[in-house]
Amino acid sequence: MDTEDFGFGTQIRKSPYFDATVRWGAKGFSVYNHMYIPRDFGDPEQNFWNLVNDAILCDVAVERQVEITGPDAAKFVQMLTPRDLSKMAVGQCKYILITNAEGGILNDPILLRLAENHFWISLADSDILLWAQGVAVHSGMDVSICEPDVSPLQLQGPKSGEIMQALFGDSIMDLKYYWLREVDLDGIPLIVSRTGWSSELGYELYLRDGSQGDVLWERIMATGMAFGLKPGHTSSIRRIEGGMLSYHADADIKTNPFELGFDRLVNLDMEADFIGKAALRRIKEEGVSRQQVGLIIDCDPMKGPNTTFWAINKDGTNIGKVTSAVYSPRLERNIALAMVAADCAVIGSEVEVITPSGPTRATVVERPFYDPKKSLAAA
């Protein structure tokens with residue numbers, strides 16, 4: 001692929017690692033937060049095995065940061081999310097939901113606290129910079145909100161710790177799950193966190209100088225070679241196995257946290273006010289009409305993930321839709337996340353899924369499909 005003329009014009013941005021990923025074999029891209037993200041380095045099944053057996057390096061610069069600073073930063077960030085942040089320490093990361101006034105989910109980012117009044121919201125695929133700036137306008141709070149020059153990479157897989165040790169020395173091994181540290185690699189400024197979108201042991205390296213993207217990519221790949229590191233892309237197979245959400249697929253503005261079983265991310269008892277509090281209180285009292293479930297779909301191994309929502313029927317009536325489906329070579333099953341009518345969310349019950357190749361039987365099962373306690377990522 002010729003990097004000189006690849007693309008749709010300047011409105012879709014290229015990451016600081018774009019040229020490096022093309023050199024290292026990226027064959028296809030999709031668009032996420034108005035940027036290209038590599039989605040194809042050859043065989044997605046091989047990418048999965050590279051991830052679960054060794055390690056992969058992924059360009060996730062599309063996880064744009066919303067930086068919130070100023071005297072009221074902590075109070076403002078709490079207003080954006082129903083998760084209680086009162087005990088969040090400097091240096092800590094938290095998985096949060098950002099909700100609107102109706103309790104709908106606008107994003108499911110990772111929040112990083114770099115200093116007392118300095119936060120990054122590391123985004124899934126939606127325009128939270130605009131939402132946050134809009135909310136700030138009438139908030140009466142003293143905050144500054146911008147998108148900084150920050151571009152994350154994900155180093156994920158069981159060998160990622162050894163690679164980090166080779167890059168940064170033994171002290172990096174003290175970094176706990178969902179904590180961050182400010183580091184520098186040969187003069188390249190980074191924030192490193194023990195987080196990722198893989199359900200495996202992993203790290204995210206947030207580059208704070210986009211001009212050094214190429215150098216950073218090559219440095220990590222050179223060090224990682226001895227440990228079996230491969231260039232890769234976030235694995236649909238592994239994230240569905242782990243029950244991890246993809247925004248716009250498994251959740252959107254019309255989905256509320258309780259439908260996803262995310263009660264732990266909603267604290268209705270805290271004193272602090274947040275957007276959607278009254279709506280979420282009402283939803284909790286009334287109960288939900290839909291619920292997310294796992295499905296095992298009984299058909300030939302799927303060739304790739306679904307690209308449309310598949311209808312789910314029971315006794316001839318539509319009860320919901322498959323949101324994310326893929327074949328897991330490890331489980332030797334077609335696995336899926338689905339949203340169904342609450343009274344049909346019964347473990348062990350059988351439903352019918354309308355796949356592109358026709359109707360097929362499926363069974364409702366527990367999520368996640370693999371390593372339910374996240375023991376691999378948190379070890």
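You'll find the structure just up there.
Presented here is an overview of the structure given in this document. (Residues numbered from 1 in each chain as written. Predicted model: local features only at pLDDT ≥ 70, side-chain atom pairs only at ≥ 80, totals over all residues. Heavy atoms only, no water.)

### With respect to the nonpolar core
Phase 1: Formed by 30 residues in total, the largest nonpolar core has its most connected members in Phe-168, Leu-190, Val-192, Leu-216 and Ile-220.
Phase 2: Elements supplying a minimum of two residues to this core: β2 (35-40), β3 (55-59), β11 (151-156), α5 (160-168), β12 (180-185), β13 (188-193), β14 (202-207) and α6 (213-224).
Phase 3: Other than its neighbours up to four places away in sequence, Leu-216 contacts Tyr-17, Leu-153, Leu-185, Ile-188, Leu-190 and Leu-207.
Phase 4: In terms of nonpolar packing, the next biggest core, distinct from the first, is built from 24 residues, Val-77, Leu-80, Leu-111 and Ala-132 among them. (Core = buried A, V, L, I, M, F, W, Y, C linked by side-chain atoms within 4.5 Å. Buried < 20%, exposed > 50% of the residue type's maximum accessible area, 1.4 Å probe, protein only. Helix = DSSP H or I, 4+ residues; strand = E, 2+ residues; numbered from the N terminus. Contact = heavy atoms within 4.5 Å.)

### Things to note about the pattern of salt bridges
Phase 1: This structure, assessed with the given rule, holds 15 salt bridges.
Phase 2: For Glu-116, the salt bridge is made with Arg-113, and the minimal N-O distance between the two is 3.4 Å.
Phase 3: Classification of Glu-116 by relative accessible area gives exposed; the value is 52%.
Phase 4: The closest approach of N and O atoms between Asp-186 and Arg-219, which form a salt bridge, is 2.5 Å. You can see Asp-186 sitting in the loop between β12 and β13 and its partner Arg-219 sitting in helix α6, a full 33 residues away along the chain.
Phase 5: Classification of Asp-186 as exposed rests on a relative accessible area of 58%.
Phase 6: Taking the relative accessible area as the measure of exposure, Arg-219 reaches 26% and is therefore partly exposed.
Phase 7: Among the charged side chains, a network of salt bridges with common partners joins Glu-200, Arg-238, Glu-241 and Arg-330. (Salt bridge = Lys/Arg side-chain N within 4 Å of Asp/Glu carboxyl O.)

### Quick look at the sheet that holds strand β5 (residues 93-95)
Phase 1: Taken together, five strands build an open sheet; the order of strands is β5-β8-β9-β4-β10 and the sheet is antiparallel. This sheet does not close on itself; its edge strands, each paired only once, are β5 and β10 (144-146). Going across the sheet, the axis of each strand differs from the next one's by a mean of 20 degrees, ignoring polarity.
Phase 2: Inspection of the sheet shows strand β4 (residues 65-69) paired to β10 by three bridges, in the antiparallel sense. By the bridge assignment for β10, Ile-68 is matched with Ile-145.
Phase 3: Packed on one face of the sheet, helix α3 (residues 73-80) meets β4, β8 (110-115), β9 (118-122) and β10 and runs near 135 degrees to β4.
Phase 4: Across the sheet, helix α4 (residues 128-137) touches β4 and β10, and the angle it forms with β10 is around 160 degrees. (Pairing = 2+ DSSP bridges. Axes fitted to C-alpha atoms, helices over the stretch in contact; angles between N-to-C directions.)

### Topic: the packing of α3 against α4
Phase 1: It is at 11 Å that the axes of α3 and α4 come closest, and there the two elements cross at 115 degrees. It follows from the interaxial angle that α3 and α4 lie roughly perpendicular. Judged by the sense of rotation from one axis to the other, the crossing of α3 with α4 is right-handed. Here Phe-76, Met-79 and Leu-80 of α3 lie close against α4, whose contacting residues are Trp-131, Ala-132, Val-135 and Ala-136. (Parallel < 35°, antiparallel > 145°, perpendicular 65-115°, else oblique. Left-handed = near helix turned anticlockwise from the far one by under 90°.)

### Regarding unusual backbone geometry
Phase 1: Of note, the amide linkage connecting Arg-367 to Pro-368 takes the cis form, showing an omega dihedral of -15 degrees.
Phase 2: Within the secondary structure, Pro-368 is located in the loop between β21 (358-365) and α9 (375-378).
Phase 3: Despite not being glycine, Tyr-178 shows a phi value in the positive range, around 70 degrees.
Phase 4: Position of Tyr-178 among the secondary structure elements: in the loop between α5 and β12.

### Quick look at the sheet that holds β13
Phase 1: Reading across from one edge, β12-β13-β14-β11-β3-β15 is the order of the six strands in this open sheet, with mixed pairing throughout. Unpaired on one side and paired on the other, β12 and β15 (229-232) mark the two borders of the sheet. Geometrically, the sheet is characterised by an average inter-axis angle of 25 degrees between neighbouring strands, direction not taken into account.
Phase 2: Examined bridge by bridge, β3 and β11 share four bridges and lie antiparallel to one another. Its bridge partner lying in β11, Cys-58 is registered against Gln-154.
Phase 3: Sheet strands touched by helix α2 (residues 44-53): β3, β11 and β15. Its angle to β3, the strand with the most contacts, is close to 115 degrees.
Phase 4: Across the face of the sheet, α5 comes into contact with β3, β11, β12, β13, β14 and β15 while running at roughly 40 degrees to β14.

### Describing the packing of aromatic side chains
Phase 1: Going through the model one piece at a time under the given rule, you end up with nine aromatic pairs.
Phase 2: Between Phe-29 and Tyr-36, the ring centres sit 6.2 Å apart and the planes meet at 80 degrees, which makes this aromatic pair edge-to-face.
Phase 3: When its relative accessible area of 18% is taken as the criterion, Phe-29 is described as buried.
Phase 4: Residue Tyr-36 is classed as buried on the basis of its relative accessible area, which comes to 2%.
Phase 5: Ring plane angle 75 degrees and centroid distance 5.9 Å describe the contact between Tyr-95 and Phe-262, whose orientation is recorded as edge-to-face. With a gap of 167 residues between them, Tyr-95 in strand β5 and Phe-262 in the loop between α7 (236-241) and α8 (277-286) connect regions that are remote in the sequence.
Phase 6: Residue classification places Phe-262 among the buried residues on the basis of a relative accessible area of 13%.
Phase 7: Connected via pairs of aromatic rings, a cluster forms that spans Phe-8, Phe-18, Phe-29 and Tyr-36.
Phase 8: Its end group placed over the ring of Trp-179, Lys-176 keeps NZ or CZ at 5.0 Å from the ring centre.
Phase 9: It is Lys-321 that lies over the ring of Phe-309; its NZ or CZ is 4.2 Å from the centre. (Phe/Tyr/Trp six-rings, centres within 6.5 Å; stacked < 30°, edge-to-face > 60°. Lys NZ or Arg CZ within 6 Å of the ring centre and 35° of its normal.)

Function cannot be read off these values alone, since they describe shape.
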